[in-house]
Amino acid sequence: MKQLSLFQKMVASIVLLLLLVMALYTYFYYVSEQVVREEVHSRNLSRLEVTMNRLEADIWQLSQFLIALSIDSDVDKLRNIELMSPYEAVVNKDAVQQKLLLYQQLSNMLVDVSVYLPDGERTISTMPQVPEQPRALSPSWTYVDAGPHNDHAKPYFIQHFQYPSQGKPVGNNVVIEARLYAESIRAHLLSLESSGEETALFYNKDHHAIVSAGNHEAVIEKFNQHGGNQREGMFTYEEDDNEYVVTYVQSPSLGWALIDVVPMEKVLEPIKTTRLWFYVTVAMLLLFGVAAAWLLYTQIHRPIDRLKDGILAFKGADYSVRMKVPKQKEFAIAMNGFNEMAEQIQTLIEQVLAEKIRSQEASLKLLQAQIDPHFLYNCLFYIKNMAKVNNTNAVEAMALHLGDYFRYRVKVEEEKTTIAEEINLVENFLAIHALRKRRLHYDIAVPDEMKTITIPRLIIQPIVENAIVHAIENIEGDGYIQITGEISGDNICRLTVENNGPKLGVGKLNQLQRMLEEDVLSESYGMRNVHQRLRQTFAGRSGLVLSESELGGLKVEILFEQEVV
């Protein structure tokens, strides 16, 4: 699984943090909205109750005035006004008139009070136009809407009192009438609407609603649907995707409901505005966080990443790697130091490598040029002895093989050759030893497709020489050396040199294998030289592999990865 970069981790952390903040804010917003809703319900109900109590107090005050008026002495005299002199009647009526006008001026509501005399013809009233005698009395408040049955242009509530107000009447009765006009109710409604966000109305299902302004048919319809039979209550409804809270209180005196309508959108608008600004702030913080993360990524993470890649590349033997120096002073110092260090190390490695190559070339040329004096002496001594006995064939064969052998060995200017030329050198070398030692036998079987492969010089001959010196010469009887070659399916070329010399134990084989990797002089110097040159020339598993041969002696496998030409 691919790891996230520092920038991705920072952005993910910022997003998660902001999501957590948004989740908490959403919860707090929900709680706040519920608290506001409950507060709106409680506040509206309290305001309605205060308004209704004030209205009821005014109505009760009016009722008390009517009661007091019904038992007033001047009103009581009106029962026998026909027995008074004209002057007394005028004085009495004027006294009652002044009392009515005084109350009208002192009342908090817009009212008119009329007193109907027992003769049915005379009336004392605060109204500019004297009303007609009532056909029927209303002992409780009754609403009279504007219309043909209204002797006044304004709708009003009406109530009648008779004298005596309690008990059975004695003689002619005086009827007192009070009219409470709808404008007084509208004044109370306007006090509820003072905030500008609410609307109020006074409603009874049998009459038209009293409203300050506007059309409230939807509210009335919802109110009728919810019943509104309780003393007070609250419900909500939606219209045109807007939510409205309706609170109502019933009037015990008038039998009407005082209804208050509050649009929740207006009430919650400050909270929603705060929420909008919060989301805008969160978006700005997200952008700022991403920008800060990107700045941190480009100014810190990328230089660190380039520094890490440079170190890994340098660790992977890419000594030519150099870093682009950034503008930041901190990383500029580090990367300049790395570049200087890499350059110095590369120079040292190149110098050491060049010295090692020169050393290997010198070793190879020394190996090629060196002539074993004992080997040459023995060959010349053999030629001398064969010449004495006139064995010209043996002399000719030794001379030819010896000449071909040394002609190849002294070509120190060439570092590469083919397997075919190497095999030819080994055949001359083995033929020389076979002439001197009749008990030496050998067999070479290398496929033709391998003979064209290019390899370093003197790869096989030192192995064969090692087999003769350390194996064949140490046994009694015939010696046998077998050289084979093959190309495996994984593109590994294998040349095998086996002998029937003394058997080597596992410990000795492991010791010889370890000596191939060591840089010390030993009796296996020729084999170690071959092993090291194979490792440096070819890749992978190239080198010498030692094991026990089925012939009894040592088996040396020369391995190298090489494309077949």
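Preceding block: the structure.
This is a predicted model, so every value here is computed, not measured.

Q: What's the story with the pattern of salt bridges in this structure? I'm lost.
A: Overall, the coordinates contain ten salt bridges when judged by the stated rule. Here Asp 72 makes a salt bridge to Lys 99, at a shortest N to O gap of 2.8 Å. Residue Asp 72 is located in the loop between α1 (6–70) and α2 (73–77), and its partner Lys 99 is located in helix α3 (residues 86–106); the two are separated by 27 residues in the primary sequence. Asp 72 gets classed as buried once you look at its relative accessible area, which sits at 17%. You can call Lys 99 partly exposed: its relative accessible area is 29%. Taking the shortest distance from any N to any O, the salt bridge between Glu 177 and Arg 179 comes out at 3.0 Å.

Q: Just checking my understanding: could you explain unusual backbone geometry for this structure?
A: Most of the time, phi is negative for any residue but glycine, and the peptide bond is trans. Unusually for a residue other than glycine, Asn 390 sits at a positive phi of about 60°. Within the secondary structure layout, Asn 390 lies in the loop between α8 (373–388) and α9 (392–409). Under the relative-accessibility criterion, Asn 390 is labelled exposed at 62%. Within the chain, Leu 458 stands out as a residue other than glycine whose phi angle is a positive 55°. Summarising the element assignment, Leu 458 is placed in the loop between β13 (454–456) and α11 (461–470). Taking relative accessible area as the criterion, Leu 458 reaches 1% and is therefore assigned buried.

Q: Looking at this structure, I do not really get the nonpolar core. What am I missing?
A: General note: in soluble globular proteins, nonpolar side chains tend to be found buried as a group. Ranked by internal contacts, the top residues of the largest apolar core, which has 51 residues, are Ile 419, Ile 460, Val 464, Ile 481, Leu 544, Ile 558 and Phe 560. A total of eight residues in this core trace back to one element, the largest contributor, which is helix α10 (residues 419–436). The residues touching Ile 558, leaving out its near neighbours within four places in the chain, are Ile 459, Ile 460, Ile 463, Cys 493, Arg 494, Leu 495, Leu 534, Gly 543 and Leu 544. In this structure, Met 52, Ala 178, Leu 180 and Val 249 belong to the second largest nonpolar core, which totals 40 residues.

Q: What should I look at first to understand the sheet that holds strand β5 (residues 175–181) in this one?
A: Pairing between sheet strands relies on hydrogen bonds along the backbone, with the strands arranged either parallel or antiparallel. Read across the open sheet, the five strands follow the order β2-β1-β5-β4-β3; overall the sheet is antiparallel. Each edge of the open sheet carries a strand with a single partner, namely β2 (123–125) and β3 (142–144). On average, each strand axis in the sheet is inclined to that of its neighbour by 25°, with strand direction left out of account. With seven bridges connecting them, strand β4 (residues 156–162) and β5 associate as antiparallel partners. Bridge pairing links Phe 161 to Ile 176 in β5. Along the sheet, α3 makes contact with β1 (111–116) and β2, crossing β1 at roughly 160°. Strands in contact with helix α4 (residues 182–192) are β4 and β5; relative to β5, the strand with the most contacts, it is inclined by about 40°.

Q: Whenever I open this one, the packing of aromatic side chains confuses me. Can you help?
A: In this description, an aromatic ring pair is defined by two values, namely the gap between the centres and the angle between the planes. For the structure shown, the criterion picks out 15 aromatic pairs. Summarising the aromatic geometry, the rings of Phe 157 and Trp 256 are spaced 5.3 Å apart at their centres and angled 75° between planes, so their arrangement reads as edge-to-face. You can see Phe 157 sitting in strand β4 and its partner Trp 256 sitting in the loop between β9 (242–250) and β10 (257–263), a full 99 residues away along the chain. Assessed through its relative accessible area of 0%, Phe 157 is described here as buried. What makes Trp 256 buried here is its relative accessible area of 2%. On the numbers, 5.8 Å between centres and 90° between planes, the contact of Tyr 203 with Phe 223 is edge-to-face. Of the two residues, Tyr 203 sits in strand β6 (residues 199–203) while Phe 223 sits in helix α5 (residues 217–225), which places them 20 residues apart along the sequence. Each of the two residues, Tyr 203 as well as Phe 223, counts as buried. By way of ring pairs, the aromatic residues Tyr 143, Phe 157, Phe 202 and Trp 256 are connected into one cluster. Just above the ring of Tyr 408 sits the side chain of Arg 457; from NZ or CZ to the centre is 4.2 Å.

Q: What is the right way to look at a negative patch on the surface in this model?
A: Judged by side-chain charge, Glu 217, Glu 221, Glu 238, Glu 239, Asp 240 and Asp 241 come together as a negatively charged surface patch. For the negative patch, the secondary structure elements donating two or more residues are α5 and β8 (232–239). Here Glu 239 shows up in strand β8. Judged by relative accessible area, Glu 239 falls into the partly exposed class, the value being 32%.

Calculation rules
- Residues numbered from 1 in each chain as written.
- Predicted model: local features only at pLDDT ≥ 70, side-chain atom pairs only at ≥ 80, totals over all residues.
- Heavy atoms only, no water.
- Salt bridge = Lys/Arg side-chain N within 4 Å of Asp/Glu carboxyl O.
- Helix = DSSP H or I, 4+ residues; strand = E, 2+ residues; numbered from the N terminus.
- Buried < 20%, exposed > 50% of the residue type's maximum accessible area, 1.4 Å probe, protein only.
- Core = buried A, V, L, I, M, F, W, Y, C linked by side-chain atoms within 4.5 Å.
- Contact = heavy atoms within 4.5 Å.
- Pairing = 2+ DSSP bridges.
- Axes fitted to C-alpha atoms, helices over the stretch in contact; angles between N-to-C directions.
- Phe/Tyr/Trp six-rings, centres within 6.5 Å; stacked < 30°, edge-to-face > 60°.
- Lys NZ or Arg CZ within 6 Å of the ring centre and 35° of its normal.
- Patch = residues over 30% accessible without salt bridge, like charges linked within 9 Å, V, L, I, M, F, W, Y side chains within 5 Å.
- Areas by Shrake-Rupley, 256 points an atom, 1.4 Å probe, with all protein chains shown as cover.
- Lys, Arg positive; Asp, Glu negative; His and termini not counted.
- Charge placed at Lys NZ, Arg CZ, Asp CG, Glu CD.

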